[in-house]
Amino acid sequence: MPAFRQIVSELRPQGRLNAGPAPKSLSLEPVAQGATAIVDEELQRRHQEALVNGRTGLNALETRLIHDPEHGAANRRGREAFGISKVLLEEVDRETSRIGDTMDDRTRPAFLAMAQARRDQIAEWAARHESREREAVRLQDFNVGLESSKERAAELALLPAGDEVGAARKAARIAAEIQIGQQMVVDHLRRPGAGVSEEAIGLAVKDYTSGVHLGVIKSLVKAGDLSAAQKYVDKHGDALMSKARLDVMGDLKELGVRRDVQAFEDDLIKRGVVGEAGAAEAREKFRDRPEVRDAAVARALALGAQHKAAQAQAQHEGRVGRRDARGRRTAQARRREAELAAHHVVELPHAREARGERDVGEAEVGLLDFAVNVQGAAPPTWLQERLVRQLA
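All chains use their own residue numbering, which begins from 1 and follows the written sequence. Totals for whole chains, interfaces and linings use every residue, but because this is a predicted model, local features are given only for residues with pLDDT of at least 70 and side-chain atom pairs only at 80 or more, for both listing and counting. Side-chain calculation: all heavy atoms of the structure are included, whereas hydrogens and water are not.

> So what exactly am I meant to see when it comes to the overall build of the chain here?
The helix and strand labels rest on DSSP assignments: H or I over at least four residues marks a helix, E over at least two residues marks a strand, and numbering proceeds from the N terminus. A count of helical and extended segments in the chain gives 13 helices and 0 strands. Along the chain, from the amino end to the carboxyl end, the secondary structure elements read α-α-α-α-α-α-α-α-α-α-α-α-α. Relative accessibility thresholds used throughout: buried, under 20% of the residue-type maximum; exposed, over 50%; partly exposed, between the two (1.4 Å probe, protein chains only). Taken across its 392 residues, the chain has 28% of its residues classed as buried. A separation of at least 24 residues holds for 65% of the contacts in the chain among residues at least 6 apart in sequence. Accessible area of the chain: about 26700 Å², with a carbon and sulfur share of 55%. Contacts between residues were defined by any pair of non-hydrogen atoms, one from each residue, lying within 4.5 Å. Note that accessible areas follow from Shrake-Rupley with a 1.4 Å probe, and for residues the cover is restricted to the protein chains shown.

> Sorry if this is basic, but what is going on with helix α3 (residues 84-100) here?
For an α-helix, the turn length of 3.6 residues means that residues three or four places apart are oriented alike. A helix is expected to span 1.5 Å for every residue after the first. Compared with an ideal rise of 1.5 Å per residue, which puts 17 residues at 24 Å, α3 spans 24 Å between its outermost C-alpha atoms and is within 8% of the ideal. Residues Ile84, Ser85, Leu88, Leu89, Val92, Glu95, Thr96, Ile99 and Gly100 constitute the buried set of α3. Along α3, the residues classed as buried sweep out an arc of 130° about the axis, all on the same side. To obtain the arc, one takes the directions from the helix axis to the C-beta atoms.

> What am I meant to see in the confidence of the model for the chain here?
Low pLDDT marks regions whose predicted coordinates should not be analysed in detail. When pLDDT is averaged along the chain, the result is 76, and 71% of the positions lie at 70 or above. A score from 0 to 100, pLDDT tells how confident the predictor is in each residue. A low-confidence stretch, residues 340-384 (pLDDT under 50), is modelled with 46 contacts involving residues beyond four sequence positions or located in other chains. Considering only residues more than four positions removed or in separate chains, one finds that residues 386-392, a stretch of pLDDT under 50, has 19 contacts.

> Is there a simple way to think about the side chain of glutamate 133 in this case?
Among the structural elements, glutamate 133 can be located in helix α4 (residues 107-157). Note on glutamate 133: relative accessible area 8%, which makes it buried.

> Sorry, what's going on with the side chain of threonine 107 here?
With respect to the element layout, threonine 107 can be found in helix α4. What makes threonine 107 buried here is its relative accessible area of 2%. Setting aside residues up to four positions removed in sequence, threonine 107 forms contacts with His47, Ala50 and Leu51.

> Which parts of the structure should I look at to understand the nonpolar core?
Generally speaking, nonpolar side chains in soluble globular proteins are found buried as a group. Within the largest apolar cluster, 23 residues are counted, with the highest numbers of intra-cluster contacts made by Ile174, Val185, Tyr208, Val216, Ile217, Leu220 and Tyr232. For this core, the secondary-structure elements that each account for two or more residues are α4, α5 (164-189), α6 (198-222), α7 (226-236) and α8 (242-271). With 13 residues, the next largest nonpolar core counts Val261, Phe264, Val292 and Leu303 among its residues. Side-chain atoms within 4.5 Å link the members of a nonpolar core, which is a set of buried Ala, Val, Leu, Ile, Met, Phe, Trp, Tyr and Cys residues.

> Sorry if this is basic, but what is going on with the environment of glutamate 124 here?
Within the element layout of this structure, glutamate 124 appears in helix α4. Look at glutamate 124 and you get partly exposed, because its relative accessible area is 49%. Linking glutamate 124 and serine 85, residues 39 residues apart in sequence, is a C-alpha distance of 8.6 Å.

> How should the packing of aromatic side chains be read in this particular structure?
Centre-to-centre distance and the angle between the planes together describe a pair of aromatic rings. A pair of Phe, Tyr and Trp rings is counted when the ring centres sit within 6.5 Å of each other, with Trp represented by its six-membered ring. The angle between the planes then sorts it: under 30 degrees is stacked, over 60 is edge-to-face, the rest tilted. One pass over the full model with this rule turns up 1 aromatic pair. Judged by centre distance (5.5 Å) and plane angle (80°), the ring pair of phenylalanine 264 and phenylalanine 286 falls under edge-to-face. Residue phenylalanine 264 is found in helix α8, and its partner phenylalanine 286 is found in the loop between α9 (276-285) and α10 (290-320); the two are separated by 22 residues along the sequence. Residue classification places phenylalanine 286 among the buried positions, given a relative accessible area of 7%. Charge-over-ring contacts are defined here by two conditions on Lys NZ or Arg CZ: a distance within 6 Å of the ring centre and an angle within 35 degrees of the ring normal. We note arginine 134 situated over the ring of phenylalanine 82; from NZ or CZ to the ring centre the distance is 4.0 Å.

> Looking at this model, I keep getting lost on the pattern of salt bridges. Mind explaining?
Any two side chains of opposite charge can pair, given that their charged atoms come close. Salt bridge, as applied in this entry: a Lys or Arg side-chain nitrogen positioned within 4 Å of an Asp or Glu carboxyl oxygen. Enumeration according to the criterion identifies 24 salt bridges in this entry. Taking the shortest distance from any N to any O, the salt bridge between arginine 118 and glutamate 62 comes out at 3.2 Å. Here the residue arginine 118 occupies a position in helix α4, and glutamate 62 occupies one in helix α2 (residues 29-67), the gap between them amounting to 56 residues. You can call arginine 118 buried: its relative accessible area is 15%. Here arginine 293 makes a salt bridge to aspartate 294, at a shortest N to O gap of 3.3 Å. On the basis of relative accessible area, arginine 293 is assigned to the partly exposed category, the value being 25%. One network of salt bridges, in which partners are shared, links Arg64, Glu91 and Arg94.

> I would appreciate a short explanation of the packing of α7 against α8 in the present structure.
Packed helices, taken two at a time, are described by the angle their axes make and the gap between the axes. Helix axes use the C-alpha atoms of the stretch in contact, all axes being lines fitted to C-alpha atoms, and the angles between their N-to-C directions lie in the range 0 to 180 degrees. Orientation of α7 relative to α8, taken along the N-to-C sense of each, is 155°, at an axis distance of 11 Å. Regarding the angle of α7 to α8, the classification is roughly antiparallel. For the pair α7 and α8, the crossing hand works out as left-handed. Across the interface between the two elements, Leu226, Ala229, Gln230 and Val233 from α7 touch Val248, Met249, Leu252, Leu255, Gly256 and Arg259 from α8. Note on residue categories: nonpolar means Ala, Val, Leu, Ile, Met, Phe, Trp, Tyr, Cys or Pro, charged means Asp, Glu, Lys or Arg, and polar means any other residue, Gly included. When the residues that make up the contact of α7 with α8 are grouped by side-chain class, the tally is 7 nonpolar, 2 polar and 1 charged. Here the angle decides the label: under 35 degrees means roughly parallel, over 145 means roughly antiparallel, 65 to 115 means roughly perpendicular, and every other value means oblique. Handedness of each helix crossing follows the sense of rotation of the near helix against the far helix: counterclockwise by less than a right angle gives left-handed, clockwise gives right-handed.

> Would you mind going over the environment of serine 85 with me for this structure?
Within the secondary structure, serine 85 sits in helix α3. You can call serine 85 buried: its relative accessible area is 17%. Along the primary structure serine 85 and glutamate 130 are separated by 45 residues, whereas in three dimensions their C-alpha atoms are 7.5 Å apart. Setting aside its immediate chain neighbours within four residues, serine 85 contacts Ala126, Ala127 and Glu130. Here the side chain of serine 85 touches glutamate 130 through a polar contact of 3.3 Å, side chain to side chain. Identification of polar contacts relies on pairs of N or O atoms within 3.5 Å, with a donor-acceptor requirement for protein atoms, meaning one able to donate a hydrogen and the other able to accept it, and with residues adjacent in sequence counted only if both atoms are side-chain atoms.

Shown next as structure tokens:
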């Protein structure tokens, strides 16, 4: 037994138990890193997709607000474009807020920065468009105002003056109208940003003044008051531009010639003096005015030619009678033909008479047409020849 106990005691562990090498632990860090990269990639994709959708929405908004063929701001002209900047920017802010609310906190700041850049572009375009249309409206109102001023001055010139006091009052009203227009020209050209020199402003004022005077003269001429027009030219001719002055003087001279020639022609017709007699009177009456004399002589000779033509036509119609609306001879013409035939020697129908070139030359063109009988058949040769000799 003692020996057995000794063996057992030897089997008991002495000190620490050596368990051997420790096993290696499994690391999950690479798995976590891969999952994080996948998540980040998905978030980036969604971020980019949201920005693309936001940009598409801004493009559609710009097209609808500005470039739409029917309702776009680019189609607003004149006064319709006034205040367009405020309307467009309010709509941009409203749509930006709506789109931004659909995005997460990561995407929204980037989209708002993009939207702000687009807003600035739209604001710049709207400001240019509105400024351009305001300038167009200002120019249109300016031109309309000047034309109205010219028309009022021309209307004032036609008012009856009465005595000298009335004439002076009318002249003062025309002068006041001209001053109003001149001030309009100066204010328009001196506005901020116009960039017009004082020399150009002076020329514009002179051009406007010349146009007003020209309108007054034309108004008087149109009313037939050539003497008043001439007096106005004599008084305000220096205010006319050189070309306008030459045109007015030429027109007044021509109108004066026409008036005198027409009066002379009316007097000739009234007294029944035409042809060479009238031409002789024209040479004597207008010997100191060559332009009137030549025109009056031409009219007198023309009246003489017209008088002779009228007499010949009247004689012709008296001899052969007239035709009805269908071109057929009237009953009076047929009776005249019978009378002519009764007073001449009757020849056989088949008899023909030689005719020479002299006979043809003496015949009057168109007379044979009147010798056609009612049925439209040509009359006998002898009747044609007798009629020609009788009516020649």
